[in-house]
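# Reading the structure
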Amino acid sequence: MRSLAAGEPPWPVIDVDRAIPWLEARGGVTLAASQREALRLALSSKALVITGGPGVGKTTLVNSILKALVAKSVSVALCAPTGRAAKRLTETTGVEAKTIHRPLETDPKNGGFKRDESHPLACDLLVVDETSMVDVLLMKALVRALPTRAALLLVGGVDQLPSVRPGQVLADVIGSGAVPVVRLIEVFRQAATNRVIVNAHRINRGEMPEIGVGHAERSDFYVMEAADPEQAVAKIVAMVRDRVPKAFGLDVMSPAYLAQLPPTSQPAPKLTVPAGKLIGRGRRLAAVLSAPRLGGLQTGVRALPDELTLSYV
């Protein structure tokens, strides 16, 4: 990673002072001073980390970087650790993003990937979103498959979801000092009305979250007190099954909602267990949410049978 950062980017020098007004006009945004400096660094670096909490303008900055480089005919590739993250990245940038495993081309014969230094990826810039969820082995494979000439942009927040496999790649790369790091900390006005975002930053600063919302005001942040884990589980189930549908008109258990879910490409693994043994916190919620699907989309049955077959999709 250190040797990668020491190189020159594969695109020609870009006049950022001239590019910024063009990018703002094209994107319909006004870049803050911190975003302008970050853009300047990104367009002159071969390896860079962009980090920050929610609502600090990471998406706007990444979009500006991509627009500036695509205008110079730079070949870009976008990826993320999960399908959901890749889909969101596609929606926010307008550029197709894939899960990391797809461009690496999984090789079932040896359990590795077909792409490596002898058969690298075809791109000038590789953007990895939600990097906090990338483990050591996957990042190693990704860097091996990166063309020698190509640049690398890692995007993510160290306070977000970590990898389920070994390593804390993003935090270690930032802590190493081997790669330039852009830390965005300014919460923008449109995000400042989102109580989840505001309170996420307060908690990271060691402050108590702001609750103070009257019953007449609808919020996206609520606190539910529970004396023990068992009580907490019951409240979570009631919230998903009853309170959210009633308050927001969104019934995630309804047949109409379930019918909109995309079909899976292959049968999901199933597990048949006695309903009475579903006392695990996650499994209890899964059982409640799975009830309409198990009872059939036509009937929307919500009562649990003696045995449940859970499909993990």
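Numbers given to residues run from 1 along each chain, matching the order in which its sequence is written. In keeping with the model being predicted, local features are shown solely for residues with a pLDDT of at least 70 and side-chain atom pairs are shown and tallied solely at 80 or more, while totals for entire chains, interfaces and linings include all residues. Just so you know, side-chain values use all the structure's heavy atoms and leave hydrogens and water out.

### Some thoughts on the side chain of Ser 64
Under the convention used in this document: The helix count covers DSSP runs of H or I at least four residues long, the strand count covers runs of E at least two residues long, and both are numbered beginning at the N terminus. Contact between two residues is taken to exist if any of their heavy atoms lie within 4.5 Å; hydrogens are not considered.
Structurally, Ser 64 is set in helix H4 (residues 58-70). Ser 64 has contacts with Leu 23, Leu 31 and Leu 39, leaving out every residue within four places of it along the chain.

### A few points about the packing of helix H2 (residues 16-27) against helix H3 (residues 33-42)
As a reminder of what qualifies: Angles here are taken between N-to-C directions and fall from 0 to 180 degrees, while the axes themselves are lines fitted to C-alpha atoms, restricted in helices to the stretch in contact. The cut-offs work like this: below 35 degrees is roughly parallel, past 145 is roughly antiparallel, 65 to 115 is roughly perpendicular, and the gaps in between are oblique. Two helices crossing with the near one rotated counterclockwise from the far one by less than a right angle form a left-handed crossing, whereas a clockwise rotation gives a right-handed crossing. Throughout this entry, Asp, Glu, Lys and Arg are counted as charged residues, while Ala, Val, Leu, Ile, Met, Phe, Trp, Tyr, Cys and Pro are counted as nonpolar. The remaining residues, Gly among them, count as polar.
Contact pair H2 / H3: the axes reach a minimum separation of 11 Å and the direction vectors enclose 120°. In terms of their interaxial angle, H2 and H3 are classed as oblique. Considering how the two elements wind past one another, H2 and H3 form a crossing that is right-handed. Counting all contacts with H2, which are made through Val 16, Asp 17, Ile 20, Leu 23 and Glu 24, the residues of H3 involved are Arg 36, Leu 39 and Arg 40. When the residues that make up the contact of H2 with H3 are grouped by side-chain class, the tally is 4 nonpolar, no polar and 4 charged.

### Let's talk about empty space enclosed by the protein
Note the cut-off: Cavities and pockets were defined on a 1 Å grid built over protein atoms only: a cavity is a set of grid points that admits a 1.4 Å probe from which the probe cannot escape, a pocket is an open set flanked by protein on both sides within 12 Å along at least five of seven lines, and lining residues are those with an atom within 4 Å of any such point. Grid points are joined across faces, edges and corners, and a volume is the space filled by probe spheres set on the points.
For the coordinates displayed, the defined rule picks out 1 cavity of 30 Å³ or more. The computed volume of the largest cavity comes to approximately 60 Å³. Those elements that place two or more of their residues in the lining of the largest cavity are strand E1 (47-52), H4 and strand E7 (151-155). Element by element, the count of residues in the lining of the largest cavity is highest for E7, at 3 residues.

### Points about the sheet that holds E1
Our working rule: In this analysis, strands are considered paired if DSSP registers two or more bridges between them.
Strand order across the open sheet formed by 6 strands is E3-E2-E6-E7-E1-E8, with parallel pairing between neighbours. At either end of the open sheet lies a strand with only one pairing partner, and these are strand E3 (97-99) and strand E8 (181-184). Pairwise comparison of adjacent strand axes, ignoring direction, gives a mean angle of 20° for this sheet.

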